[in-house]
Amino acid sequence: MIRATLATISTLLALALPAAAADDFIAAPTLRASVTVTSDVVRIGDLIDNAGSAALIPVYRSPDLGTTGTLTVGQVLSVLRAKQVIGVMTGDIKEVQVTRLARTLASKDIETAVAATLERRFGLGEAANITITFDRGVADMRLDASNTGALQPVATRYDARSGRFDIAFEIVNDGNPAPTKLRFTGTAIETVEVAVLTRDVDRAELLKSSDLSLERRPKAEVAGEPAARDRSIGMQLRRPMRAGTPIRVADIVKPDFVVRDQAVTIIYQVPGLYLTTRGKVIESGAEGDTVSVLNMQSKRTLTGIVTGRGQVTVQGASQSAPTAPAVEQTSSIKRDEAPAPVDTAALVRNLIQSPAPPAQVAQAQIPQVRLSQAPAKSE
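First, a word on what this report is: a plain description of the structure on this page. What you see is a predicted model, and the numbers here were worked out from it, not measured in a lab. (Residues numbered from 1 in each chain as written. Predicted model: local features only at pLDDT ≥ 70, side-chain atom pairs only at ≥ 80, totals over all residues. Heavy atoms only, no water.)

Here we look at the side chain of S298
Worth spelling out the cut-off: Labels follow the DSSP assignment, with helices taken as runs of H or I lasting at least four residues and strands as runs of E lasting at least two, numbered in each case from the N terminus. Residue exposure (1.4 Å probe, protein chains only): buried if accessible area is under 20% of the type maximum, exposed if over 50%, otherwise partly exposed.
You can see S298 is positioned in the loop between β21 (290-295) and β22 (301-308). The class of S298 is buried, set by a relative accessible area of 1%.

Structure follows, in structure tokens:
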């Protein structure tokens, strides 16, 4: 019937109008080389232009969501003739490609949506620190192109002890009052980024770049502030630790540059003077620590700062130099007057001279008294 109607209309117009005018008012149906559809069926109006009243007639099932199918021109024309559509202009087209549009939900986007739903809820922290594991591996999902809305959580359940979640989402559709429903289950665990040992490390060893890897571990496994990898390199552990152990800030210390009873070099510095001598450190210390050190020559105990491996620097101002007599408050010395210059020679003697023998010290401290015998007084 459609075929007879199209033929009758074409005959009448050909008789009533010039050929050019007829082409202006009724264009011949023309086949398309490339077709895109959004529904699950392909209609005549999708395949050809100027299909008229036959445009809504379905003729093929659509390809799968997000895929493309190919039809030869002969196949298309055969189906159109069966639907009483003839006289289709094909030009030089050999085949027709039909693509079904779709909305793709990437697995990463779904994971992000779940983490964002749980963020700062149920005792969890930021979404970026929540690791999601689905019960069933979630691959990229393809939805009908009409699903243009965002993933909106409508029901959320979470067990803080087991980390189990059950979340339902809805997506609003264009032209369809019923939203698309999606549901995901799995586990969500808050993690932290932490430096992890790649081998067994003893306390005396310095941590190298190859000794550490950066991993995400469950927050419950790292009791305390996690140590950053860059911050850990060059440090020492407070105790031996095994490979695979996450490192906390409390586990690392600055390396000891001097160890108790170690022979060290004592550097003595005052303006214009630089001396070195051998000594033995009395306590361990890292760079910048203040330690006590024994001068092996003078047997004096000095206080200095660890400035390198096996090296303690003693500043002149820190030594017990001879003290000047105390000045009374009524002294005429003004506050802005410069203090007396430091006796450098005395400081050096204090550093390197050996103490005098006990007998000499006694002589120096107790003046000798000569007693003269007076004649006995007779009664």
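Digging into the sheet that holds strand β7 (residues 95-100)
The condition that has to hold: Strands were regarded as paired on the criterion that DSSP finds at least two bridges between them. Note on method: axes are straight lines fitted to C-alpha atoms, helices fitted across the in-contact stretch only, with angles between N-to-C directions ranging 0 to 180 degrees. Contacts are assigned to residue pairs with any non-hydrogen atoms lying within 4.5 Å of each other.
Reading across the sheet, the 3 strands line up as β2-β7-β6 and stay open at both edges, with mixed pairing between neighbours. Strand pairing shows two members of the sheet lacking a second neighbour, β2 (34-37) and β6 (68-72), which therefore form its edges. Between one strand axis and the next, the sheet turns by 25 degrees as a mean value, whatever way the strands run. Bridging between β6 and β7 involves 5 bridges; their strand directions are antiparallel. Across the sheet, residue T70 finds its bridge partner in β7, namely Q97. Of the strands in this sheet, β6 and β7 are in contact with helix α4 (residues 73-82), which crosses β6 at around 75 degrees.

Here's the deal with the sheet that holds β22
Ordered by their spatial adjacency, 5 strands build a closed barrel running β18-β19-β21-β22-β23, and the pairing between neighbours is mixed. When strand polarity is set aside, the average angle formed by the axes of neighbouring strands in this sheet is 50 degrees. Where strand β19 (residues 273-281) meets β21, 3 bridges bridge the pair, whose relative direction is antiparallel. Bridged to K280 within β21 is L294.

A closer look at the side chain of T191
Formally: Two N or O atoms form a polar contact when they lie within 3.5 Å of each other; inside protein one atom must be a possible hydrogen donor and the other a possible acceptor, and for residues adjacent in sequence the pair counts only when both atoms belong to side chains.
Turning to its location among the elements, T191 is positioned in strand β13 (residues 176-197). At 3.4 Å, the side chain of T191 forms a polar contact with the side chain of T131. Aside from chain neighbours lying at most four places away, what touches T191 is N129, T131, R216, R217, P218 and K219.

Considering the pairing of strand β23 (residues 311-315)
Relative to β23, strand β18 (residues 263-270) runs parallel, the two being bridged by 5 bridges. Across the sheet, residue Y268 finds its bridge partner in β23, namely V314. Examined bridge by bridge, β22 and β23 share 3 bridges and lie antiparallel to one another. Paired with G308 across the two strands is Q311, which belongs to β23. Between β22 and β23, which pair antiparallel and follow one another directly, the connecting turn spans 2 residues, one of which, G310, has a positive phi of 65 degrees.

Quick word on helix α5 (residues 107-118)
Convention followed: Working rule for helices: expected span equals 1.5 Å times residues minus one.
For α5, spanning 12 residues, the distance from its first C-alpha to its last is 17 Å, which sits close to the expected 16 Å at 1.5 Å a residue. The complete set of buried residues in α5 reads I110, A113, V114, A115, T117 and L118. R120 lies just past α5 and shows a positive phi near 55 degrees.

Some words on the packing of aromatic side chains
Put simply, the rule reads: Here the aromatic set is Phe, Tyr and Trp, taking the six-membered ring for Trp, and pairing holds for ring centres within 6.5 Å; pairs whose planes are under 30 degrees apart are stacked, those over 60 apart are edge-to-face, and all others are tilted.
The tally for this structure, following the rule as stated, stands at 4 aromatic pairs. Taking the centre distance of 5.4 Å and the plane angle of 40 degrees together, the rings of F122 and Y158 count as tilted. Pair noted here: F122 is in the loop between α5 and β9 (130-134) and Y158 is in strand β11 (residues 152-159), with a separation of 36 residues, a long-range link. Three or more aromatic residues joined by ring pairs form one cluster here, namely F134, F165, F169 and F184.

Side note on the nonpolar core
For clarity, the cut-off: Among buried residues, the Ala, Val, Leu, Ile, Met, Phe, Trp, Tyr and Cys ones that are joined through side-chain atoms within 4.5 Å form a nonpolar core.
Core analysis: the biggest nonpolar cluster contains 21 residues, and V114, L118, I132, F165 and F169 have the highest contact counts within it. Broken down by secondary-structure element, the contributors of at least two residues to this core are α5, β9, β12 (164-173) and β13. Ranked by the residues each element gives to this core, the list is headed by α5, at 5 residues. When near neighbours in sequence (up to four residues on either side) are disregarded, V114 contacts I132, F134, F165, I167 and F169. Grouped together as the second largest cluster of nonpolar side chains are 19 residues, I44, I48, L71 and V85 included.

Side note on the environment of Y158
A relative accessible area of 16% means that Y158 is categorised as buried. It is 9.8 Å that separates the C-alpha atoms of Y158 and G186, two residues lying 28 residues apart in sequence. Contact partners of Y158, with chain neighbours within four places excluded, come to L118, F122, L124, G163, R164, F165 and A188. Within the structure, the side chain of Y158 is placed 2.9 Å from the backbone oxygen of A188, a separation counted as a polar contact.

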